[in-house]
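# Coordinates in review
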Amino acid sequence: MTGIFTTMGFTANRILLFQSINSVIALIGEACCVLWVDHTGRRGPLIVGNIASGLSFVVGAILMARWPGTVNNNAAHYIFIITTWVFNFFFSSCIGPLSWAYPAEIFSTRTRAKSTAITSSSSWLSNL
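The structure reproduced in this document is the subject of the present report. What you see is a predicted model; the values in this text were computed from it and never measured.

Tallying secondary structure elements over the protein gives five helices and zero strands in all. The helix and strand sequence of the protein, counted from the amino end, reads α-α-α-α-α. Classification of the 128 residues of the protein by burial places 30% in the buried group. If you sum the accessible surface of the protein, you get close to 8,300 Å²; carbon and sulfur atoms cover 69% of it.

This is the structure in structure tokens:
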């Protein structure tokens, strides 16, 4: 992530601040998931989280393409930072934790261990 922020023209000190805020946002998102997932269910947060994360990626990509770090437009650069925080919140509150919990709940007891192993390894491989 620091490479993206560098591309947008931010200094190392600013990037460290942004990453620190990003980590706090992730913790808040994960706490929201733990507190509310039993009340909201699994399907709704997964749908909302994927839509919000996808839209934040689209907005971030447009901002990077239209106003890269070489262009002097601080507003666009800071909006880009906010889109990364929005993505991180929705990922941490919806997609991240539920991608581990959901597979363990949908398979029968007979196939749960193998199925969860396959979904977990798929998750790890897709992050490489």
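There is more to say after this.
Let us look at the environment of Ala52. Tracing the backbone shows Ala52 in helix H3 (residues 43–66). According to the relative accessible area criterion, Ala52 is buried, its value standing at 15%.

Our focus in this paragraph is the packing of helix H4 (residues 74–106) against helix H5 (residues 112–126). Close contact between H4 and H5 brings their axes to 9 Å; oriented N to C, the two are set at 160°. One element, H4, and the other, H5, form an angle in the roughly antiparallel class. The hand of the H4/H5 crossing is right-handed. Counting all contacts with H4, which are made through Trp100, Pro103 and Ala104, the residues of H5 involved are Arg112, Thr116, Thr119, Ser120, Ser123 and Trp124. Per-class residue counts for the contact of H4 with H5 are four nonpolar, four polar and one charged.

Let us now look at the packing of aromatic side chains. Taken as a whole and judged by the stated rule, the model has nine aromatic pairs. Aromatic pair Phe5 and Phe80: ring centres 6.4 Å apart, planes at 85°, arrangement edge-to-face. Taken together, the positions of Phe5 in helix H1 (residues 2–7) and Phe80 in helix H4 put the pair 75 residues apart, joining distant regions of the chain. Judged by its relative accessible area of 4%, Phe80 is buried. Centre to centre, the rings of Phe18 and Tyr78 are 6.0 Å apart; their planes meet at 85°, and the pair counts as edge-to-face. Of the two residues, Phe18 sits in helix H2 (residues 12–40) while Tyr78 sits in helix H4, which places them 60 residues apart along the sequence. The buried category is assigned to Phe18, whose relative accessible area is 3%. For Tyr78, a relative accessible area of 33% translates into the label partly exposed.

Take H5 next. The terminal C-alpha atoms of H5, which comprises 15 residues, lie 21 Å apart, in line with the 21 Å expected from a rise of 1.5 Å per residue. Regarding H5, the residues found buried are Ser115, Ser120 and Ser123. Along H5, the residues classed as buried sweep out an arc of 130° about the axis, all on the same side. Turned more than 90 degrees away from the buried face of H5 sit Ala113, Lys114, Ile118, Trp124 and Leu125, all of them exposed. Residues of H5 that are buried in the fold lie against H4.

Before going further, it helps to examine the environment of Cys94. Note that Cys94 resides in helix H4. If near-sequence neighbours (up to four positions away) are discounted, Cys94 is found in contact with Pro45, Leu46 and Gly49.

What counts, and where the lines are drawn
Residues numbered from 1 in each chain as written. Predicted model: local features only at pLDDT ≥ 70, side-chain atom pairs only at ≥ 80, totals over all residues. Heavy atoms only, no water. Helix = DSSP H or I, 4+ residues; strand = E, 2+ residues; numbered from the N terminus. Buried < 20%, exposed > 50% of the residue type's maximum accessible area, 1.4 Å probe, protein only. Areas by Shrake-Rupley, 256 points an atom, 1.4 Å probe, with all protein chains shown as cover. Axes fitted to C-alpha atoms, helices over the stretch in contact; angles between N-to-C directions. Parallel < 35°, antiparallel > 145°, perpendicular 65-115°, else oblique. Left-handed = near helix turned anticlockwise from the far one by under 90°. Contact = heavy atoms within 4.5 Å. Nonpolar A, V, L, I, M, F, W, Y, C, P; charged D, E, K, R; others polar. Phe/Tyr/Trp six-rings, centres within 6.5 Å; stacked < 30°, edge-to-face > 60°. Expected span 1.5 Å × (residues − 1). Arc of directions from axis to C-beta.

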